Amino acid sequence: MTTPAKDVLVWDWTIRLFHWVTVGLIPALWWTAEEGHMAWHARLGLTLLGLLVFRLYWGVFGSPTARFSSFVKGPSAILAYARSSLRRPYVPSTGHNPLGALSVVALLGLLVAQVSFGLFAVDVDGLESGPLSSLVDFKTGRQFAEWHEFTFELLLWMIGLHVLAVLGYWLVLKTNLVRPMVTGRRPAETATPETATRNGVSLPRLVIGVALAGLPVFAVQL
Amino acid sequence: MKIQTLGLASLCVILASCGGADTESAEYRGDEELPNGMTISEMIETRQDGLEDVGGSFKTISDELKKGDPNVADIQTAAANVEAHSQEIGDWFPEGTGADSGVETEALDSIWEDPEGFEAAITKFETAAGELNTAAQSGDVEAIQAAFETAGGTCKNCHDSYRADDD
């Protein structure tokens, strides 16, 4: 892939793959559950589990913009960012901005909760159940199923907010956040100076991450 | 900006439609006595406990069947329990124990509006539960698996038409 030299890489390919596969998985998971294709629901759910484990690992050992330490900020940084976003021209952050970071944490947290509850959930007839549900009794499994439904609603609200925010950046702040999430790059002139950081993927770390992600997926099926 | 306003407006519409109450709550008559001597609320509680117990037994069988080496004795106990409850279920839905009794229940009015259809669904379950127990007592895991799937199908068959969706 040839890109103009003035573009900078803000999202490595694993981040983008994680994002868009999750975008595809959520409606697929909803649909398989709705239509009762529970074997596929479980397969897709385990895929999401693996992706989440990788994303959490990548949040500690991954490329700079993927790391939680680089974007999870305290209230003062969030306020300062909110104020700076009122100034024109708006200069986008290289990775997640401090306000958007809240949304990232909420979305990831909800997805982790959603998948975890699903592992233990039991349907109302006791016929279908998550791969770890044999560890809990019927009533507890039903409770997990109810949480599984509740977190899904929260997730839908959070996704709605996320999409509205992306729309707001586009319409109000004239900043396209979708293109960098597809290509990984944004024009250098709209990026802040710290974009000198490399956001490439380290192969050894990638291999470790994939192995780590696979572990729980196989473990819960034993 | 216009698109954004449109987005906000549609969000408000969605919010409003979620908030609306969809059922009028009926006047509470849970203390009224039924011909069988139980109150309406006692009857509803009995059948909910019973059906929950059937669900628990199904889960036990399902959990065992998922294992490479299922515990047949546990399956037998559970299957016997399902069959016992299947004999009682016909008495669990006397007239007057629907949602209009004011007691919380997912039993739909279609149970009493279509008694023949409901009875046919119950009979299917009774038959399948009997066959499940027979298969369980034989100890043949493959036969249990097949009978379990059939019995599970009869749960869904009835629930699709006669129980409110829980979501």
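Residues numbered from 1 in each chain as written. Chains lettered and ligands numbered in written order. Predicted model: local features only at pLDDT ≥ 70, side-chain atom pairs only at ≥ 80, totals over all residues.

Draft legend 1. Just the overall build of chain A, in detail. A count of helices and strands for chain A gives eight helices and two strands. Secondary structure elements of chain A, listed N to C terminal, follow the sequence β-α-α-α-α-α-α-α-β-α. Principal-axis analysis of the C-alpha atoms gives chain A an extent of 60 × 35 × 30 Å. Within chain A, counting contacts between residues at least 6 apart in sequence, those at least 24 apart form 70% of the total. (Helix = DSSP H or I, 4+ residues; strand = E, 2+ residues; numbered from the N terminus. Contact = placed C-beta atoms within 7 Å.)

Draft legend 2. How the structure looks around the overall build of chain B. On a plain count of helices and strands, chain B comes out with six helices and zero strands. Going residue by residue from the N terminus, the α and β elements of chain B occur as α-α-α-α-α-α. Among the 167 residues that make up chain B, the fraction classed as buried is 28%. The contacts in chain B between residues at least 6 apart in sequence include a share of 67% that link residues at least 24 apart. (Buried ≥ 20, exposed ≤ 12 C-beta atoms within 10 Å, placed from the backbone.)

Draft legend 3. Representation of the environment of Leu9(A) in the model. Residues and elements named next belong to chain A. Looking at the element boundaries, Leu-9 is found in strand 1 (residues 7–9). By C-beta crowding, Leu-9 is classed as buried, having 20 other C-beta atoms within 10 Å. Sequence separation of Leu-9 and Glu-153 is 144 residues, and the distance between their C-alpha atoms is 34 Å. Once residues lying within four places of it in the same chain are set aside, the contact partners of Leu-9 are Gly-184, Arg-185 and Asn-199.

Draft legend 4. The arrangement of the interface of chain B and chain A in detail. Listed by partner, the interface residues are 17 residues for chain B and 15 residues for chain A. Those elements giving two or more residues to the side of chain B that touches chain A turn out to be helix 1 (2–19), helix 2 (40–66) and helix 6 (141–162) of chain B. With seven residues, helix 2 of chain B is the single largest residue contributor to the side of chain B that touches chain A. Taken together, the residues of the side of chain B that touches chain A break down into four nonpolar, seven polar and six charged. (Nonpolar A, V, L, I, M, F, W, Y, C, P; charged D, E, K, R; others polar.)

Draft legend 5. Region of interest: the confidence of the model for chain A. Counting all residues, the mean pLDDT for chain A is 88, and 93% of those residues have values of 70 or more. Mean pLDDT across the elements of chain A ranges from a minimum in strand 1 of chain A, with 81, to a maximum in helix 1 (residues 13–34) of chain A, with 96. (pLDDT = per-residue confidence, 0-100.)

Draft legend 6. Focus on the nonpolar core. Grouped together as the largest cluster of nonpolar side chains are 27 residues, with contacts concentrated most on Ala79(B), Val82(B) and Leu132(B). The set of elements that each furnish at least two residues to this core consists of helix 2, helix 3 (72–88), helix 5 (115–138) and helix 6 of chain B. Here this core gets eight residues from one element, more than from any other, and that element is helix 5 of chain B. When near neighbours in sequence (up to four residues on either side) are disregarded, Leu132(B) contacts Ala79(B), Val82(B), Ala147(B), Phe148(B) and Ala151(B). Leu49(A), Leu111(A), Phe120(A) and Val122(A) belong to the second-largest nonpolar core, a separate cluster that totals 26 residues. (Core = buried A, V, L, I, M, F, W, Y, C linked by C-beta atoms within 7 Å.)

Draft legend 7. Structural context of unusual backbone geometry. Backbone geometry at Lys174(A) places phi at a positive 55°, although glycine is not the residue there. Mapped onto the elements of the fold, Lys174(A) is located in the loop between helix 6 (138–171) and helix 7 (178–183).

Draft legend 8. Inspection of helix 3 of chain B at higher detail. Taking 1.5 Å of rise per residue, the 17 residues of helix 3 of chain B would be expected to cover 24 Å, and the 25 Å separating its terminal C-alpha atoms lies within 8% of that figure. At its buried positions, helix 3 of chain B is contacted by helix 2, helix 5 and helix 6 of chain B. (Expected span 1.5 Å × (residues − 1).)

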